[in-house]
Amino acid sequence: MKKKSIFSPPAGAGGWSPLTSDRYQWLEVDLGERTKITAVATQGRYGSSDWLTSYLLMFSDTGHNWKQYRQEDSIGSFPGNSNADSVVQYKLQQPAVARFLRLIPLDWNPSGRIGLRLETYGCPYTSDVVSLDGSSSSSLVYRLSPGTRRTPRDVVSLKFKTVRNSGSLLHAEGDGGLSLSLELERGKLQLLLRRGSSSEPRRLASLGSLLDDQHWHHLAVERRSSHLNLTVDKHTERVQIPLSVGAVQNPDSQKQVVSKGNFRGCLENLLYNSLNLIQLVKHKDHQVKVKGNVTFSCVEPVSVAVTFPGPQSFLQLPGASASSSSGGVSVGFQFRTWNKAGLLLTFGLPQEGVNLTQSSALNDGQWHSVELNSRRGRLSITVDKEEGGGAHASPTFPINFNDGQECRNPFNVFQGCMRLLTLDNQDVDLIMVQQKELGTFSNLQIDMCGIIDRCSPSRCEHGGRCSQSWIAFHCNCSDSGYSGATCHSSVYEQSCEAYKHNGNTSGHFYIDVDGSGPIRPQLVYCNMTGDTHSLILVLRPSSLGNQHSVHFDYATEEEQLSVAISQSEHCEQELSYQCRRSRLLNTPEGSPFSWWLGGPGAGRVQTYWGGAQPGSQQCACGLQGDCVDPQHYCNCDADRMEWTEDSGLLTHKESLPVRSLVLGDIQRPGSEAAYRVGPLRCHGDKNFWNAAFFDKETSYLHFPTFHGELSADISFLFKTTASSGVFLENLGIKDFIRIELSSSTQVVFSFDVGNGPLEVRVESSVPLDDNRWHRVRAERNVKEASLRLDDLPAATQEAPADGHFHLQLNSQLFIGGTASRQKGFRGCIRSLQLNGVTLDLEERARITPGVRPGCPGHCSSYGSFCQNRGRCVERVNGFHCDCGLSAYTGVFCNTEVSASFKSGTSVSYTFKEPYELSRNSSALPSSIYSDTTLRGENVSLSFRTSQSPAVLFYCQLVLQRAPRPAHQQARQRMKNCIHLLTVHECLPAASDDLDPDLARLGSLGFTGCLSVVSFNSISPLKAALLHPDTSPVIITGPLARSNCGSSASANPYAAENTHHLSDRSGSVGSGQPLVNAIRTDSALIGGLIAVVIFVVVTGLAITARFLYRRKETYRNQEVKGVNQDDSPDFPFNNQADPQNASSENPKEYFI
């Protein structure tokens, strides 16, 4: 270890202290040779109040072109001292190799001056260097010795530095005319594949940026089998290649390859499989051939640049004015920047014409040259003259000339670098400017270019497009399927289960099985009702050989399929084989005739069939013991002439999906077979309902340390009756991350990555301790931190532009409690995911005291999804909508039950009396039998017809014997019929007293659509369509279920939607249904409602008229002395004596 001390005092010595204390002072150290610097230590000036509190470190090989040392690629400043005596040592995260070190003070003790004692630590650095001048003949060529065995791994490594942004750096030839090249293009390293010397190259990878900055950059190329690991500096990319490397050339001189020129610059420690090629050149080894001008030292051109880092930066230089004897002004310079606009220079001009030459894309970070000339009353500007720039065009900005007034600047300030400044064809010495011997300046960094490419490597994840300015970068996440400042969080749910509990119905959805992980979203069909479809392929022996094999492809990537299967609660796939003289599994020698492959990748051989157990070599009938031939375990193995079948479901998830199928016994005469492989169906999401209940504030679960150094997202659902508590906490030495319920209406996300604690808060307008599920989503990345609660707008906090951004944690992750003894959480936490990975709370809760697995009570949050009188029923994992009391069906009781009626179609519904129900208590849908006590009727229906006039409903009254006077019961029945629903024409057999108009209309029948018919809690149409065998209905004529009542059927252009992000009007997981179904025009809905109301009122009027005509008949049967309480609200007698009631005269309703 080498140690270099600057003013390390003997007794009484002081230290370095400049005369002026400002930020333009520096201390430069010449270490005498290139040294690997590993640490620096500082002290204040001895016996004084002078010390630094922060400083910058610069390194250089030549004493020019300094490079600032940065921690974590962002932090530039180092912490200094707090007094004059203590030593503060800082170990460099990445050692720096340089001869010169420069320390620049930033801040110091406000009660003193700049004062410093400095010590550096390191060791000598030795290397072999070669310099190439970039000519066509300048190269090194290395060829393998004849007969050299090819190794499974080859590595080429080197360091390079250059001032040119293009040139061929490495070239390797392979078999069949294939070759690989590493070329600099616009300061980036491109890996190119060529087929032949004249073919157009194909770019395989692009890595690095600003590699023409005349600083050393590390390059390594590792070949492993058919892929390369390409490393530039600290960033590695894996690349697949169809190539066998045979030689390394720098650059190629055997075959002239089309490129932008050879490399011009320096190479250091060029190694091929640990073989030092530069040393071989020095020793004139025959394997390495040198051509052209090659020297064994690094010759560097001196180019002094200046950086304008901020809005206060400027440089003012003296120069000749336009009125001088030369008659004009000439200015030249080069600049590079990321900003779209900025003021480059200003100078005085006479009031003359302007001639401009323009270019484009000048904010790409590349060096661009500018020449400005004012001669004889004309001004001309040329940009990038050497690269063909300078197409003449009209001025792109106005220049105003106002006598006695200053020119107003229409642009922003310039932030970037400049070099090669000339005034009137004379070079400007920027070192003299730095020493304040020429011009004036403010807030400049001289003899360095401090440009940083914030998009290399890109911090934008999942294919987000990165753009940048001088101080920040921006990610464009459009069309990526992800959102956030760095495109980190998926905009899609992770499963159909999650979509279902957002209130969505069946349709195509994008699901992202690993959330913010690397697996891309996939389009799937989420079947919320369970309908399935199968594919049937029929095989004929004439078209087959001894075996027939078929491979099945799935419209999803392998990773997506594997994760979707693993996180589902249950998966199944139908496998069926229909046969005639075609055996399936069992043979006399025990080897199967047929088999299938299933599982991950290409799959493993499976010798069991649908409905049986893995490894059993049986079919479902063998497991159940009911095969057609008891001596075999499959029906098809009986080898009979009659058609038979072996079918069943494959449910072992480790064997799914079916990848391929091989059928063997199909070549014999008379053999025929057909197979069916159904779609892969997966149900449930075991991660979505994974929950734990914390019944004490001191209880918690602990997991391994959370690793989210650069980006982290955390999402979960919670419900509680407590007003505060910590959901999650993970600590480091100084860093931490925590999410807590700070009050009954506020959630706080707090963390520290080294810049001090930062908090993001979301305030809710409703209490959060309402024992309902609430969703929390927190994200932290290098740009910002965000927190979202339910549907509320996200709260964000920007990260410091040049601050620390690595989150370094080292303790256990605490869930529901804290390591810092703060108040824990009491309640339920569910579906906890960190960076897309679900933590198994239930498994850990089973072995942890004070925590219980699972959490009941979902209807309080999701019960509103059950529509149209649907009833929410609790389940262990989730809930279920019972549609028994509803005229609708479907997962949320929102699917209309409709039927198309023809003139001869009718449905007769018989209302059962209570005593009959008591004798037969079989469990039937409540839409068939319910609410037998008639205290008032509620009728609803929807219809669509072009027929007019028509009878929509009709109520027939049949008298019954009753324990009370018949006239009382008859009158009561009549009053009930006034509001009773009877849909569609159906006349009684004896209708002598029927109104003639009603009889005439009834004879016409009804043609049209009826939907969602309900009478109180009875749904007669639903009972007839869904439960015809168990319902008291009589169907006359053709009746089939139809979607004629749905809004989609009324719109011929409506179709099933694919649910993209644009379909979603709400936030994911908000507990509210998302409006992504087809929307119909509100006017159409309003018109339909108005028509329904009109028809119902008309029907009631017709019924009332009919009842009024029959009224006199019933009056004649009334007995004097009727009680006063015999009112329209008199309840139906549901205690009728079964001995006196007539079973032959039930009450009937016709549909």
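For every chain, the first residue of the written sequence is number 1, and numbering continues from 1 along that sequence. Since the coordinates come from a predicted model, pLDDT governs what is reported: local features require at least 70, and pairs of side-chain atoms require 80 or more to be given and counted, while whole-chain, interface and lining totals use all residues. Hydrogens are left out, water is left out, and the side-chain values use all remaining heavy atoms of the structure.

(A) Representation of the side chain of T848 in the model. Mapping T848 onto the fold places it in the loop between α6 (841-845) and β62 (851-853). In protein, a polar contact means a hydrogen-donor-capable atom and an acceptor-capable atom, both N or O and within 3.5 Å, with residues adjacent in sequence counting only if both atoms are side-chain atoms; elsewhere, any N or O pair within 3.5 Å suffices. For T848, the side chain forms a polar contact with the main-chain oxygen of R844, separated by 2.7 Å. Here a residue-residue contact requires only that any non-hydrogen atoms of the pair lie within 4.5 Å. Setting aside anything within four residues of it in sequence, one finds T848 in contact with Y700 and L701. Every helix listed is a DSSP run of H or I at least four residues long, and every strand listed is a run of E at least two residues long, numbered separately from the N terminus.

(B) Quick peek at unusual backbone geometry. Look at the link from S456 to P457: it is a cis peptide, with omega at -5°. Looking at the secondary structure, you find P457 in the loop between β33 (445-446) and β34 (465-468). A cis geometry characterises the amide bond from L656 onward to P657, with omega recorded as 0°. With respect to the helices, strands and loops of the structure, P657 is situated in the loop between β45 (644-650) and β46 (658-663). Backbone geometry at K436 places phi at a positive 60°, although glycine is not the residue there. When its relative accessible area of 53% is taken as the criterion, K436 is described as exposed. Three exposure classes are used, based on accessible area relative to the maximum for each residue type with a 1.4 Å probe and protein chains only: buried under 20%, partly exposed in between, and exposed over 50%.

(C) Spatial organisation of the pattern of salt bridges. By definition, a salt bridge exists where a carboxyl oxygen of Asp or Glu is found within 4 Å of a side-chain nitrogen of Lys or Arg. Under the criterion given, the structure shown has 31 salt bridges. Here R23 and D107 are joined by a salt bridge, their closest N and O atoms 3.2 Å apart. Highlighted residues: R23 in the loop between β1 (2-6) and β2 (27-43) and D107 in strand β6 (residues 88-108), separated in sequence by 84 residues. Between R676 and E645 there is a salt bridge whose closest N-O contact spans 3.6 Å. Pair noted here: R676 is in strand β47 (residues 672-677) and E645 is in strand β45, with a separation of 31 residues, a long-range link. Exposure remark for R676: the relative accessible area of 15% places this residue in the buried category. The exposure class of E645 is partly exposed, given its relative accessible area of 30%. Among the charged side chains, a salt-bridge network with shared partners connects R34, D61, K161, E268 and E300.

(D) Summary view of the sheet that holds strand β54 (residues 746-752). Two strands are said to pair when DSSP picks up at least two bridges between them. Strand order in the open sheet made by the 6 strands is β50-β59-β52-β53-β54-β55, with antiparallel pairing throughout. The strands lining the two open edges of the sheet, one partner per strand, are β50 (701-703) and β55 (758-763). In this sheet, neighbouring strand axes are inclined to one another by 15° on average, regardless of whether the strands run parallel or antiparallel. Judged from the 6 bridges that link them, strand β52 (residues 725-731) and strand β53 (residues 736-743) form a sheet pairing that is antiparallel. Here the axes come from fitting lines to C-alpha atoms, over the contacting stretch only for helices, and the angles between their N-to-C directions go from 0 to 180 degrees.

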